[in-house]
Amino acid sequence: MKQLIIVVAVIFISSCGSNSTEDKMAETDSTVTSDTVYTPMADTARTVEVVRTKGFYIWDVNMEKKTLRKNPALSAADINADSVINGLNKQYENILLEKVSISKDTIKLKIKDSDYLTNQIGSTGAAQYMAQTIINLTSVAGINYVMIVFKEGSHASPGLYMRKDFPGYIIVQ
């Protein structure tokens, strides 16, 4: 419990300053930092990884408005399937994607526990997750198809998806 309080305090203190929240997000979104945290009850230090997940997205997908916003903080070196999967897993902690393989132009993923995706976040939440996942992964060079394997539920189905399955999105600045 004390460790959680320390981590929250470090994040809170680091977010204070004269810049607006949007300026801070633009400056730090793509960074992954490690901070050393000393616990008062122990003589040892531990490293805490602070991840800003938007830095892992190629596109910020808004399913309701049908818009895509390019992530300006993301460098070409950061654009790969593993970083997108990592960002999705950090953003959606209850829906963990595992990369199974990449073969030709298809990435195969699995979700071991799909109950949150398929039955708990509703149809809009599941549709947003699927759009975010497919659009970002098919934006990685060489990936045209995403095969997702999981137990089907009320709001999402496994299968082979491609960018064309999510038509009508426009790019906004």
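This is a predicted model, so every value here is computed, not measured. (Residues numbered from 1 in each chain as written. Predicted model: local features only at pLDDT ≥ 70, side-chain atom pairs only at ≥ 80, totals over all residues. Heavy atoms only, no water.)

A. Layout of the sheet that holds strand β8 (residues 159-162). Within the open sheet, the 4 strands sit side by side as β5-β6-β7-β8. Their pairing is mixed. Only two strands of the sheet have a single partner each, and these edge strands are β5 (97-103) and β8. On average, each strand axis in the sheet is inclined to that of its neighbour by 25°, with strand direction left out of account. Here β5 pairs with strand β6 (residues 106-111) via 6 bridges, running antiparallel. (Pairing = 2+ DSSP bridges. Helix = DSSP H or I, 4+ residues; strand = E, 2+ residues; numbered from the N terminus. Axes fitted to C-alpha atoms, helices over the stretch in contact; angles between N-to-C directions.)

B. Expanded view of the packing of aromatic side chains. With the rule as written, the count across this model stands at 2 aromatic pairs. Note on Y92 and Y129: the rings are 4.8 Å apart at their centroids and 85° apart in plane angle, and the pair reads as edge-to-face. In this pair, Y92 sits in the loop between α3 (81-91) and β5 while Y129 sits in helix α5 (residues 122-137), placing the two residues 37 residues apart along the sequence. As far as burial versus exposure is concerned, Y92 and Y129 are alike and both buried. Between Y161 and F166, the aromatic rings sit 6.5 Å apart at their centres with planes inclined by 35°, giving tilted as the arrangement. Using a relative accessible area of 13% as the deciding quantity, one classes F166 as buried. Over the ring of W59 we find K70; its NZ or CZ atom is 5.0 Å from the centre of that ring. (Phe/Tyr/Trp six-rings, centres within 6.5 Å; stacked < 30°, edge-to-face > 60°. Buried < 20%, exposed > 50% of the residue type's maximum accessible area, 1.4 Å probe, protein only. Lys NZ or Arg CZ within 6 Å of the ring centre and 35° of its normal.)

C. Just the environment of E64, in detail. Checked against the element boundaries, E64 lands in the loop between β3 (59-62) and β4 (67-70). Distance from E64 to T124, taken between C-alpha atoms, is 8.5 Å for residues 60 residues apart in sequence.

D. Just the confidence of the model for the protein chain, in detail. Of all residues in the protein chain, 68% have pLDDT values of 70 or greater, and the mean over the chain is 75. Counting interchain partners and residues more than four positions distant, the pLDDT-below-50 stretch residues 2-53 has 58 contacts. (pLDDT = per-residue confidence, 0-100. Contact = heavy atoms within 4.5 Å.)

E. Structural detail: the sheet that holds β3. The 3 strands are arranged β3-β4-β9 in an open sheet whose pairing can be described as mixed. The sheet is open, and its two edges are formed by β3 and β9 (170-172), each paired on a single side. Taking each pair of neighbouring strands and ignoring which way they run, the sheet shows an average axis angle of 30°. As defined by bridge partners, β3 adjoins β4 across 4 bridges and the pair is classed as antiparallel. If you follow D60 over to β4, its bridge partner there is R69. Each of β3 and β4 touches α5; the most contacted strand, β3, lies at about 150° to it.

F. Local environment of the environment of Q173. Looking at where Q173 falls in the secondary structure, it is placed in the segment after β9. Through-space distance from the C-alpha of Q173 to that of R69 is 6.1 Å; in sequence the pair is 104 residues apart.

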